[in-house]
Each structure stands twice: as structure tokens, then as C-alpha cells.
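These are the residues of each chain, in order.
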2 protein chains.
Amino acid sequence: MTDYMKEIEGGIAAAKGFYAAAHAAGIKYQGRTDMALIYSEAPCVTAGTFTTNVVKAAPVQWDMRIVHGDGAVRAVVINSGIANAATGSEGMAICEKTAEAMSACYGGEKDEVLVASTGVIGMQIDAGRITAGCPVLFEKKDHSAEAATSAAQAIMTTDTHKKEISVEVTLGDGSTFRIGAMTKGSGMIHPNMCTMLGFVTTDAAIDKKLLQKALSAIVEDSFNMISVDGDTSTNDTYVVLANGLAGNKLIDSENEDYARFCGALRYVSIYLAKQMAGDGEGATALFECRVSGAESVPEAKKLAKSVIGSSLCKAAIYGHDSNFGRFLCALGYAGVDFDPEKVDISYESAAGKISIVKNGMGTGYDEEEATKILSEDAVSVLVDMHRGDAEATAWGCDLSYDYVKINADYRS
Amino acid sequence: MTDYMKEIEGGIAAAKGFYAAAHAAGIKYQGRTDMALIYSEAPCVTAGTFTTNVVKAAPVQWDMRIVHGDGAVRAVVINSGIANAATGSEGMAICEKTAEAMSACYGGEKDEVLVASTGVIGMQIDAGRITAGCPVLFEKKDHSAEAATSAAQAIMTTDTHKKEISVEVTLGDGSTFRIGAMTKGSGMIHPNMCTMLGFVTTDAAIDKKLLQKALSAIVEDSFNMISVDGDTSTNDTYVVLANGLAGNKLIDSENEDYARFCGALRYVSIYLAKQMAGDGEGATALFECRVSGAESVPEAKKLAKSVIGSSLCKAAIYGHDSNFGRFLCALGYAGVDFDPEKVDISYESAAGKISIVKNGMGTGYDEEEATKILSEDAVSVLVDMHRGDAEATAWGCDLSYDYVKINADYRS
């Protein structure tokens, strides 16, 4: 947290002019909410990053066309339970009908409405249920923190808790704007641009190109640095809506105001990315890897991601087992040509810090102490490559019995 | 199996002039054998492929120098329990002392002796125990099938069964040669060039360059097409020793004899690779993916490896759950730019075959039938990309509770 930014209540509806709602539409789940709405009373400029998987869900295709176009956006309709992926032209028609149903509620155009889906791939959504849900959501929409939280809950699938955050930023001239955000995602998480869905609302007035530039850069350091299982989803979506109602001077150059906007968006994005990694399917711990002393940032990222992505490293964290050879091994196949005999490794957590490897070899550390440090619910493996000054951090989770349990029969 | 080749008994000691032995040296395990010897009564030409991990175990470094040099090889000394990786100059000294101890047994040179280790990374091997084991092994060496099997057992770590095979090949002029082989490997298996160790002996007379050429090509289609957990080990080694005692006409050009040698080496290598994949840590099933209709073989390989490497696909196989969206998803992030609406997917096993996806969408198949097919102990997912004529097959295993159990506390 910096001096120009503070956390506030309000989640996805914290920024001026934004509303949220949730509804139990019976898309697939029974006895819980499964549709959410984000609505802005004023038109929004948007920026987005989407899955790089060539199998792109219908809503991803729908949103990419709109976000990368010139038109304004007023609403996002989200459902959980079914991903609307591998659904062909019928799936695209569902997106269109949903957007039509929502835009009809406020007398707008279908191309002002983004849609997003998460859940099982290969099933069709019932068009009647999702379109009937739209006016219900519109009727229930509210600017309250409670409404925001209900939306953050409705978009969850295997997530064990909601993920939302909001901040208020003060600019140089004393004006303020807000950013609210929510995400979901727990499995099929290996964002290259994650099955994550993420939404950010802001009342900041900002130019569309700068908004996209900020988002694209920040995603590289946040969501693209987490992995739960190495599977890049068909539905990954991270979208920012900016409606300009804060009344700040339009951010249209890379000035100090832009720097503060980027700082706040980065804070929000990294917070949510870490929440998602720590809530990975079956996870008992957030597993962070901080690499320093790399020759370049891309190199540092490759190394950090290789460690948090390794099944064997993840299983060692689950077992609180200081099997440091696995960390060395994962660094070794990251695709970086380094001298193993210069590598140092430490562990850090709320229980303390301990040096494990020095110059590529075990330090003869105290196993009991190491186990204690690895037993916390957030554990960091610190790697110093001694090759340069570049750093990067990646976040994942441990690999537990429950990951297997959840995924061996996810559909039932 | 072809008309020129038949399976025979004898394993790693099946070929003329080769001997095997096992010994319980107490390297780390108690109450089991943990050292093995392969010995040839005549000098061998050798070929080898080794891990691409930049963290290379000391024995890998020792062997690479010898195999890529000009000298002949007489023996391989293997231990399980400790990998001799991340062990610095002390680790290299252990390799040298082991080779010295073995070569002293038959009055040869240390550079004629390969060494190989598998087990925990980061621990030192006790020099006294491993060197004391050498003369015991040399004394016990035998040309029998029993001795070969004892060696194949001694090199196991988390493997649940030994992996060995031997074949006899008849050449055009009626002469014959034999190939014997053994491997180990169950976790940290993602060969790019796998913690697999693999050894092949043959009495064929073959030129060293042709031997390496054959081995390098065949590894690409066998060991490099399997994955248990995506972790490329520090110790992966696959070595062929050819002592020429079969009396066949020296294979020194890419003639029909060479083709038969390659056919036999390929058969042996794919057999062992599939054995290793099916015996992946915690595995209950061999999980094969056959991709056809790709534009090129490298493309087909990428797609097949992406499917068998996906944690979510592996968990679905464990659950006998026809969650076909996961297969589509894994194809989608393989790094191949294809049209999802042309993809067909079927399942095949001893219980039958069923079409699951046609043109990128579910076929409305019988779920009960699909579950039955996925419940066998060897399951194939067949993918037709409809882009060209190229094919590839990759092998992995399902992801079970036991994988987590084995790896959460492997060291104890």
C-alpha cells in the first residue's frame, strides 16, 4: 500500500456509477446463485486480456470483438456452472441472446454487453434460463458492498471463497477515483492470459489505449505469474471497465496520474492473483517463488514459474518436506542455461527464514526448522541465481489429495 | 513384432558376453538390493542420451564425457537410493572412485566404466559403501536371466515392478544378434531426454556413429514421448553398449541390417517407455494419446504430449470421467494454431471404442459406455485433427491420490 492509495469496502460496485447483482438461475448448480451482473450507469471504455488457448469459449470470442472494438460497454453478464466452450454456433447464439436480453432492460444495444461463462466445457447453456435471468439481475442491481459480494460469490465454481477487493486512489490535484475488482478461479489455472474470470470496474477517466496498455503490462506480472495445475483454460478473461464518473482530469498521457492508476491496478491484480493461487483446487498453502539475481526479467519469470508449476515441488510443499533437490531440478529444466553451482535457495514464511542451498549444495540446515517454516499456510522459496539484477515472483499452491479428488469427478 | 525379431529371455544379460549382478550395499535403502552391474567381457562401443536439465547429476557428467569420447566401455555400475545430484566436486569424486574400484576388478581403466545413480537429490553417497560394493558385484556377475532380473530390481526406486526386455534379431545373411534392456523410472518423468535410467546391451557389431544416430532418433519417439509428472530429472540416462560378439557383418552403413537393428531397438525402447509410463508414481492406468491428421510430426507430438501431460486430463482418467472438454482444452494450449471445429476425439481400450467429439462438439454419446471404456488399465484417447497426414503417440498415466502420497514425503 502506498500513500496515495487505501483499501475501501465495496468490491466490484465500489466505483461511482457501478452496480452489481446475483441470481440463482439454475444454469447447472442447484440451491446457489449462478448468475452475476456488473452494470454501469454511464458508458465505459474497456480493456481486456483473454485466453491464448486456441479453443476459445464462445463468450471469449464475443467479448474480444467488443473489447477490441471502438464501442462503449454498459454491462457484463456472467454465469457459473457451464463454460459455453466447445459449443459451436449454438454457443455463440447464447451469447448474443444474453446480450440482447440485458441490453433490452435499459434500452441499449447488444454490443454494449459483455458475457462471461465458467464451468464444464462441452455442455450447452439453456437459453431460456439465462435470458430469463437478465431482467431479474437488472431489477436486483445495487451499488452496495453486499451486492458486490453476492456477485463475487455467484461466479465461483470450485473456489472455496470469494475474491474481491477495492481501493481509492488520490491523484496529484487532490481528486480521487476508485477501483473495484472480483475474480474466480481455482482449477485449470495457468493463465497465459487463467479458468479464471476477472473483472475490474473503475470510475477513473482514462483513455482506452492507455487502459489496455496498463492492463496488458500488469497481467504479465500478476495473473500470468500464477499456476494451479498448468492447464490454460478456454475461458480466461480479465476485463476492466472505466466509466469516467470520478471526475478526475482525463488520463490521456503517461504522466504521474497514469503511474498512480497503474500502481493501483497492479496492487488489485496481484492481490487477486495471489488469492486465486492460494485457493487453488485442494490447496492447503500459497506457494510463492521469488527469483532474484537473474540476467533478465523474462529469465527470472521462467525460473519462478517452473518452480511453482512443478508437481514434485508442489507435493513437497504439501508434505512440508524440504526436498530441495526438486527446486534445483525445476530451475534446471526451466529453459535457462545457468551454472547450478552458483545457486542459493532459502525458505521463508511467518515461522521464519532459513538458508537451504548455497552454491548449488545443501547447507546442512536443521530439518526440523525447515519443516516448521514449510508448515505455514503461505510459504516462499527464495532463489538467488547470482547472474544479474533481475527479479520476478510467481505464485502457485501445493498439490494435495483433494486436487485429485476434486478433478477425478468434477462433473458430478 | 516382425518376422525377423522374436522376444527371448535374458534381459540385460541376454546378449553374448554380457553379465549382470545385484548387491545390497546399504547406500540408503535397508533390506533390499541397491547396486547393479552390467559387465561385458569384450570392449563396447556406446551411444547415449542424457538429461537436458542444466542441473546434471555427477554421474551424468561422468558418462557424457566417456560416451561422447572415443574409448571403449566395459562396465556400468548403478545405484539406487541417492541420485548423486547437487553434490559438487565431492559427487564427481564418488563417480571416479566407483569407476576405479570396478575397473580394478578386471584390471582395466576407470574411463571404461560408466556410473549411474537414482534417488534423492542433494545427499552424498558414502564412498566406502559404494566402492566396497564393486568387487562384490564383480564376483556375483552372471550371464543368467536371474542375474539380469536381479539387476533390473536393484535399480528401482518408487517403481512397482521391474522393467526389462530382450529380443533376438535375424539378419539377411541368417546371422543373429540380441538386444537386452532394462530401465527404471516412475516419478520425475518427463524425459527430454527422463528420473529414468535405461540401459541396453547388444552383441551386434555396429559402428559407433550409426549406433548414436539410431539411439537419438528412437529416443525421440519413445522416452521423449512419455510423461508422468512433467518434471525433467537431473539424472536421465539412456545408454546402449554394443560389444560386437554376435559375429554379424559389421553394420557400418544404413543398409537393411541397420534397418533391422533400428527396428529392434525401437521395439525395445517403446516397450520400456510404455512400461515406465504405465508404472508412473501412483498410476492406476496407462494413458495413451494418439494424434492423427496433423500437419507435421512435431505438431502431432506437441498435441499428444499436451494431452497426456495435463493434470486435469490425468485426473479425469483416474476418475473414469469422460470430461472431454479437458482434452480439447489441452490440445488448445499445445502451441498449435488449429481450427477447434474440425477436431474429432474417440476413446479406445480393451472394453471397446467410442466417438466422443465430432467437429469440436460432443457427439451425445452414451456416458455409461464411455465410463466403461475409461475404466480399463490401459486407455487411449484418439484425436484426429483433420489437417494433414502426420501422426504421433504419447504415453502417460493417470493422476491419483497415491501420486500425492508418494511425493508429499518421498524422502522418508
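Residues numbered from 1 in each chain as written. Chains lettered and ligands numbered in written order. Predicted model: local features only at pLDDT ≥ 70, side-chain atom pairs only at ≥ 80, totals over all residues.

Caption draft 1: Representation of the overall build of chain A. Along its length, chain A carries eleven helices and 15 strands. Taking 22 Å as the expected radius of gyration for a compact globule of 412 residues, we find that chain A reaches 22 Å, a close match to that expectation. By its C-alpha atoms, chain A is 70 × 55 × 35 Å across when sized along the principal axes. Within chain A, buried positions represent 63% of all 412 residues. (Helix = DSSP H or I, 4+ residues; strand = E, 2+ residues; numbered from the N terminus. Rg over C-alpha atoms; globule rule 2.2 N^0.38 Å. Buried ≥ 20, exposed ≤ 12 C-beta atoms within 10 Å, placed from the backbone.)

Caption draft 2: Just the sheet that holds strand 14 (residues 378-384) of chain B, in detail. All names here are of chain B. Taken in spatial order, the six strands of this open sheet run 13-12-11-14-10-15, and their pairing is mixed. The open sheet has two edge strands, strand 13 (361-362) and strand 15 (390-397), and neither has a second partner. Relative to strand 13, strand 12 (residues 352-358) runs antiparallel, the two being bridged by two bridges. Of the residues in strand 13, the one forming a bridge with Lys358 is Met361. (Pairing = 2+ DSSP bridges.)

Caption draft 3: Representation of the environment of Leu197(B). Turning to its location among the elements, Leu197(B) is positioned in strand 8 (residues 197-202). Sequence separation of Leu197(B) and Thr237(B) is 40 residues, and the distance between their C-alpha atoms is 4.9 Å.

Caption draft 4: Molecular detail of helix 3 (residues 127-140) of chain A. Residue and element names in this part refer to chain A. In this model, helix 3 (14 residues) spans 20 Å end to end at C-alpha, consistent with the 20 Å of a helix rising 1.5 Å per residue. Taken residue by residue, helix 3 has Ile130, Thr131, Gly133, Cys134, Leu137 and Phe138 as its buried positions. As for helix 3, its buried residues are in contact with strand 2 (18-23), strand 3 (35-50), strand 4 (73-82) and helix 2 (88-106). (Expected span 1.5 Å × (residues − 1). Contact = placed C-beta atoms within 7 Å.)

Caption draft 5: Spatial organisation of the relation of the copies chain B and chain A. Between chain B and chain A, the superposition needs a rotation of 180° and an axial shift of 0.0 Å, giving an RMSD of 0.1 Å. In the structure described here, the two chain copies are related by an operation that fits a two-fold rotation axis. Proximity to the rotation axis, assessed at the C-alpha, singles out Tyr401(B) in chain B; its C-alpha lies 2.6 Å from the axis. Most of the interface of chain B is mirrored in chain A, where 100% of its interface residues are also at the interface. (Least-squares fit on C-alpha atoms with pLDDT ≥ 70 in both.)

Caption draft 6: Representation of helix 5 (residues 208-221) of chain B in the model. Helix length check: helix 5 of chain B, at 14 residues, gives a terminal C-alpha distance of 21 Å against a target of 20 Å (1.5 Å per residue), a fit within 8%. Tucked inside the fold, the buried residues of helix 5 of chain B contact strand 3 (35-50), strand 9 (237-242) and helix 6 (256-278) of chain B.

Caption draft 7: Broad picture of the nonpolar core. Counting 298 residues, the largest nonpolar core has Ala151(A) and Ala151(B) as the members making the most contacts within it. Broken down by element, the residue count for this core peaks at ten residues, all from helix 6 (residues 256-278) of chain A. Once you skip the residues sitting within four places of it in the chain, Ala151(B) turns out to touch Ile12(B), Ala20(B), Ala21(B), Ala22(B), Ala36(B), Leu37(B), Ile38(B) and Met182(B). (Core = buried A, V, L, I, M, F, W, Y, C linked by C-beta atoms within 7 Å.)

Caption draft 8: Looking closely at the packing of helix 5 of chain B against helix 6 of chain B. Residues and elements named next belong to chain B. Direction vectors running N to C along helix 5 and helix 6 enclose 40°, while the axes themselves pass 10 Å from each other. Viewed along their axes, helix 5 and helix 6 adopt a mutual orientation that is oblique. Once helix 5 is placed against helix 6, the crossing between them reads as right-handed. When helix 5 is examined against helix 6, the residues Leu210, Ala214, Ile218, Val219 and Asp221 are found in contact with a partner set consisting of Tyr258, Phe261, Cys262, Leu265, Arg266 and Ser269. Taken together, the residues of the contact of helix 5 with helix 6 break down into eight nonpolar, one polar and two charged. (Axes fitted to C-alpha atoms, helices over the stretch in contact; angles between N-to-C directions. Parallel < 35°, antiparallel > 145°, perpendicular 65-115°, else oblique. Left-handed = near helix turned anticlockwise from the far one by under 90°. Nonpolar A, V, L, I, M, F, W, Y, C, P; charged D, E, K, R; others polar.)

Caption draft 9: Layout of the pairing of strand 3 of chain B. All names here are of chain B. Counting buried residues along strand 3, 13 of its 16 residues qualify, which places the element largely inside the surrounding structure. Sheet topology places strand 2 (residues 18-23) next to strand 3; six bridges connect them, and they run antiparallel. Residue pairing in the sheet places Ala22 in a bridge with Ala36 of strand 3. Alignment of strand 3 against strand 4 (residues 73-82), held across six bridges, turns out to be antiparallel. Directly across from Ile38, in strand 4, lies its bridge partner Val76. Here six bridges tie strand 3 to strand 9, and the two strands are oriented antiparallel to one another. Bridge pairing in strand 9 places Gly48 opposite Val239.

Caption draft 10: Local environment of the domain arrangement of chain A. All names here are of chain A. Each domain of chain A was delimited in the assignment, giving domain 1 (5-278) and domain 2 (286-408). Between the C-alpha centres of domain 1 and domain 2 there is a distance of 32 Å. Contacts between the two partners involve eleven residues from domain 1 and, on the opposite side, 13 residues from domain 2. Partitioned by chemical class, the residues of the side of domain 1 that touches domain 2 number five nonpolar, five polar and one charged. (Domains from an automatic or database assignment.)

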